[in-house]
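Inside the fold
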Amino acid sequence: MNRETSSAMADIGRILRPDLVLPLLRRFGPLLALLLMSGALTILSPHFLTFENVLNVFRQSAVNALLALGQLLVIITAGIDLSVGSILGLCCVLAALLLKAGMPASAAIAATLAIGTALGMTNGLLFTKLRLPHPFIPTLGMMNVARGLALVLSGGFPISELPEDFRFWGAGALGGIPMPVIIVLIVYALFHLFLTRTTIGRDIYAIGGNKQAALLSGIPVDRRLITVYALSGGLAALGAIILAGRMNSGFPLAGVGAELDAIAAVIIGGASFFGGVGTVWGTLVGALIMGVLRNGLNLLDVSAYWQTTVIGVVIVIAVWVDVLRQRALERRRVFRK
Amino acid sequence: MSSSEALLRLEGITKTFGGIVALEDVDFEVKAGEVHALIGENGAGKSTLMKIATGVHSADRGRLLWKGRPVKLQTPRDAHRLGIRMVHQELMLIPQLSIGENIFLGRPPSRRAVFSWVQWNEIYERARRLLQGLGHDLDPRRPAGELSVAEQQLVEIARALAFEAELLILDEPTSPLSEPEAERLFQTIAQLRARGMGVIYITHRMPEIYRIADRVTVLRDGRRVLTKSISETSAEELVRAMVGRELTEYFPEREPRAIGEPRLRVEGLTAPGRFYDITFTVHHGEIVGLAGLVGAGRTELVEALFGAREYTSGKIFIEGRPVTIRTPADAIRHGMALVTDDRKAKGLIPMASVQVNLILPVQARVAHLGFLVNTRAERHLTERLLSELRVKTPSAHHPVMFLSGGNQQKVILARWLAMHPRIFLMDEPTRGIDVGAKMEIYELIRRLAAQGTAILLVSSELEELRHLADRILVMHRGRIVGELQREEATDDRILYLATGGEG
């Protein structure tokens, strides 16, 4: 009896262990990497761990963090959104134009958010209703359309000198904390609740885990996908408000290539390109890893060209870890059968 | 012909997969210039045997003789080199490439050994000759994707000839073909036989065996039960050999059940290419079986009823009222549930936990205000359903993919039970699961019917249908070709209808 129980326990232990360890690694691996990096930089540079500099890293990561959050939703559904950088640029220009036309800051912000959301929703509609083969296609189209419109509307020139009450959202601070940091933390908390505590959020994971099974379970897959792309566009618009405020201008080339940084942050943060997996906090950590990497290499006087190279290597390593994890699970499944 | 030596001979073939015996001590041979039909129910071992003959699997025991010499086939390439070619049910042409390229794919004609430009003219010329030799005038420059299924089959056969195959294996080649196309294929096969080629012909259709085969072998449950010359056997004998007799003890006596008013009525439902003019009714507390061969259109039909596939005409009534079902969400709103035929692809989110999978369709119903996840209600519901269906899992948070097939299937059933469906569509609910879980699922199906649920049960296991169903509808090539009351449903009759015999 006793022996039976203990062997049963061993069985359970054997069954549980990889299932427990692998998700834990996925969950805390990025955080561990961030802490190790920060520790190393603290030793290497006396300037790294100062209140000033840490706030600086957060502030510089804010826009990427917002784009990455939208990208996270999309990647959880096993999709991709290439248009967020261009939507960011277009929304910067639009916000600046509306302000220059005399619109009050609050109305301009609301309009910009609405337009960004509508552009994202267009991506979702094109993908689901036209049955385009992969979200790569509509978002690639939108990437070019939005960038083109940004250039057309601005004539290719930055639109500078924006009103103070608008700039507050990108350049201001509350109690010593920069507004972008406050916005990112609030938005991240809201999206954490959205993804984990609402049925729509859970549906998004289900769709990425197995679209067919989700559909046959009665989940309105198309509507959820449209929501996801709309939110991604809306978050890009929010990023635009912060960026335009901080730069005090609407620059039509803002956010060129930013979609790739956003994807990188999501992947480094432990989300899976296969869909169905990824967390809000992981993505924040992913965005911070990229911020710390850039900031640290700056402090160490490494050329900006090398920063890009290093980030490229980190992306590949992060995805490779994901592949290893996936293969470990596959093997486990075969073995169990 | 009878005196000639066998082209390919398989002796004492045994093959097991993870402890399950797929083939046991099977002998099979085919001679040059012979068409040997291989028949048996789904899962009888036909495809495993052919995979061994084509080097996809290797046998645990037994040997292969090619023209009398023992050979070892490690890979499909080895089989190709000997001259064994198989035309699969799913045709394997590359649609973007031309017919000629497809025929010579993997071994283009070339002048020199090391490097040669593609010899387009030669490819097309030789392809044309091969096709003409088979009695067809297809332009080898056309892309394969433009061809009809029958023409694609022909290209595959030409491909086998291009590689100088001496043995051709055809896996249910006529299932996607129209009658005249099938007739042309038979002529082609007769021609190949006349040239001295050996042909193994896998089929489900009785009349075809008599039309083209010289000999027939029947497999059942991984054993060879009969090999005879066609002239010495009858259709009845073959059906009996395919079906066999056993297993009856699984099914306890049925308690009488009250069958009530019509609950689901389908009228003239049609989706061209999949199913045509489907009309039937399922009543309160009734189990209606849907029999048919693989590809008869049963899965397509139930998925269309559930809003997961489109149909072009016809009406669906629930409780006498016409309903519009465009998406699975609509179907669920009307009290329907569907257990899909493919757990992995359509049922489960493999990497997610048991609880997530269980709660999938119910989540919104138990949520606060319809959208805030109600963790406590979900946990309670999960615990209740897991114990009600006796699902064996280390915990509710265990990834569902690590459960056994039977327990995975119970998770799917449990998911729908929480919704209290009034109409339950079940597509192969016991496929690939162990006997114990099977019996529990049978019991559950009966209990649901006793509670008044209308059940449409698709199954390829005739035993299962005969014992569970009150009535059995039989589909053949997308149409309902017969309806049998419980008392008159014998395996022979079901199979006869399902293989295209007249009611």
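Scoring rules and cut-offs
- Residues numbered from 1 in each chain as written.
- Chains lettered and ligands numbered in written order.
- Predicted model: local features only at pLDDT ≥ 70, side-chain atom pairs only at ≥ 80, totals over all residues.
- Helix = DSSP H or I, 4+ residues; strand = E, 2+ residues; numbered from the N terminus.
- Buried ≥ 20, exposed ≤ 12 C-beta atoms within 10 Å, placed from the backbone.
- Rg over C-alpha atoms; globule rule 2.2 N^0.38 Å.
- Contact = placed C-beta atoms within 7 Å.
- Pairing = 2+ DSSP bridges.
- pLDDT = per-residue confidence, 0-100.
- Nonpolar A, V, L, I, M, F, W, Y, C, P; charged D, E, K, R; others polar.
- Axes fitted to C-alpha atoms, helices over the stretch in contact; angles between N-to-C directions.
- Domains from an automatic or database assignment.
- Parallel < 35°, antiparallel > 145°, perpendicular 65-115°, else oblique.

Another aspect to go through is the overall build of chain A. Along its length, chain A carries 13 helices and four strands. Every one of the 337 residues in chain A was classed for burial, and the buried ones make up 48%.

To continue, consider the overall build of chain B. Scanning chain B from terminus to terminus reveals 18 helices and 20 strands. Against the globule reference of 23 Å for 503 residues, chain B gives a C-alpha radius of gyration of 25 Å, in line with a compact fold. Here chain B holds 503 residues, and the buried ones make up 46% of them. The long-range fraction of contacts in chain B, counting pairs at least 24 apart against all pairs at least 6 apart in sequence, stands at 67%.

Let's shift gears to the pairing of strand E3 (residues 35-39) of chain B. Residues and elements named next belong to chain B. A large share of E3 lies buried, amounting to five of its five residues. Neither face of E3 is exposed, since Val35, Ala37 and Ile39 on one face and His36 and Leu38 on the opposite face are all buried. Pairing geometry for E3 and strand E8 (residues 198-202), over four bridges, is parallel. Each bridged residue has a counterpart across the sheet, and for Ala37 the counterpart in E8 is Tyr201. Summarising the sheet, E3 and strand E9 (residues 215-220) pair through four bridges and their orientation is parallel. Bridged to Ile39 within E9 is Val218.

Predicted coordinates in areas of low pLDDT are best not read in detail. Summing up the model confidence of chain A, the mean pLDDT is 89 and the portion of residues at 70 or higher is 89%. Across residues 333-337 of chain A, confidence stays below pLDDT 50; counting only partners more than four residues off in sequence or on other chains, it has four contacts.

Contacts between the two partners involve 28 residues from chain B, matched on the other side by 24 residues from chain A. Only helix H10 (328-333), helix H11 (343-347) and helix H13 (363-366) of chain B provide two or more residues apiece to the side of chain B that touches chain A. Taken together, the residues that form the side of chain B that touches chain A break down as 21 nonpolar, six polar and one charged.

Residues and elements named next belong to chain B. Within the open sheet, the six strands sit side by side as E6-E7-E8-E3-E9-E10. Their pairing is mixed. Each edge of the sheet is formed by a strand with only one pairing partner; in this case those strands are strand E6 (84-87) and strand E10 (223-229). The mean angle between the axes of side-by-side strands here comes to 20°, regardless of whether they run parallel or antiparallel. Bridge analysis of E6 against strand E7 (residues 167-171) gives four bridges, and the strand direction is parallel. Bridge pairing in E7 places Ile84 opposite Leu167. Relative to E9, helix H8 (residues 235-243) is tilted by about 25°, and along the sheet it contacts E3, E9 and E10.

Attention now goes to the domain arrangement of chain B. Segmenting chain B into domains produces domain 1 (6-93 + 147-243), domain 2 (247-335 + 422-503) and domain 3 (347-420). Between domain 1 of chain B and domain 3 of chain B, the C-alpha centre-to-centre distance is 44 Å.

What follows is about the packing of helix H7 (residues 179-197) of chain A against helix H12 (residues 280-299) of chain A. Pairs of packed helices are described in terms of their axes, by the angle between the two and the distance that separates them. All names here are of chain A. Put simply, H7 and H12 touch, their axes get as near as 9 Å, and they point 145° apart. Of H12, the residues touching H7 (which contributes Tyr188, Phe191, His192 and Leu195) are Val280, Trp281 and Leu284. For the contact of H7 with H12, the class distribution of residues is six nonpolar, one polar and no charged.

Attention now goes to the confidence of the model for chain B. Considering every residue of chain B, the mean pLDDT works out to 88; 95% of them sit at 70 or more. With a pTM of 0.77, the predicted complex shows an ipTM of 0.79.

Residues and elements named next belong to chain A. As for its position among the elements, Gly89 is in helix H3 (residues 84-100). Distance from Gly89 to Ala271, taken between C-alpha atoms, is 26 Å for residues 182 residues apart in sequence. Not counting the four nearest positions on each side in its chain, Gly89 is found in contact with Ala146, Arg147, Ala150, Pro252, Leu253, Ala254 and Gly255.

Let us now look at the environment of Asp203(A). By the element assignment, Asp203(A) lies in helix H8 (residues 199-209). Apart from residues no more than four positions distant in its own chain, Asp203(A) is found in contact with Ala214(A), Ile219(A) and Arg224(A).

Right, let's get into the packing of helix H6 (residues 164-171) of chain A against helix H10 (residues 221-247) of chain A. All names here are of chain A. The geometry of H6 relative to H10 is characterised by a closest axis approach of 6 Å and an angle of 110° between their N-to-C directions. On the basis of the axis angle, H6 is roughly perpendicular to H10. Of the residues in H10, those in contact with Phe166, Arg167, Phe168, Trp169, Gly170 and Ala171 of H6 are Ile241, Ile242, Leu243, Ala244, Gly245 and Arg246. A per-class count over the contact of H6 with H10 returns eight nonpolar, two polar and two charged.

For the rest of this paragraph, the subject is the environment of Leu44(A). Residues and elements named next belong to chain A. Of note, Leu44 is situated in helix H1 (residues 2-44). A count of 12 C-beta atoms within 10 Å places Leu44 in the exposed class. Considered as a pair, Leu44 and Gly296 are 252 residues apart in the sequence and their alpha carbons are 9.2 Å apart.

Once that is clear, we can look at the sheet that holds strand E18 (residues 454-458) of chain B. All names here are of chain B. If you trace the six strands from one edge of the open sheet to the other, you get E16-E17-E18-E13-E19-E20, paired in mixed fashion. On the outer flanks of this sheet lie strand E16 (336-339) and strand E20 (479-485), each paired with one strand and no other. Across the sheet, the mean angle from the axis of one strand to that of its neighbour is 20°, orientation sign disregarded. Sheet topology note: the strand E13 (residues 287-292)/strand E19 (residues 471-476) ladder contains five bridges and is parallel. Residue pairing in the sheet places Leu290 in a bridge with Leu473 of E19. Lying over the sheet, helix H18 (residues 491-498) contacts E13, E19 and E20, oriented at roughly 30° with respect to E19.

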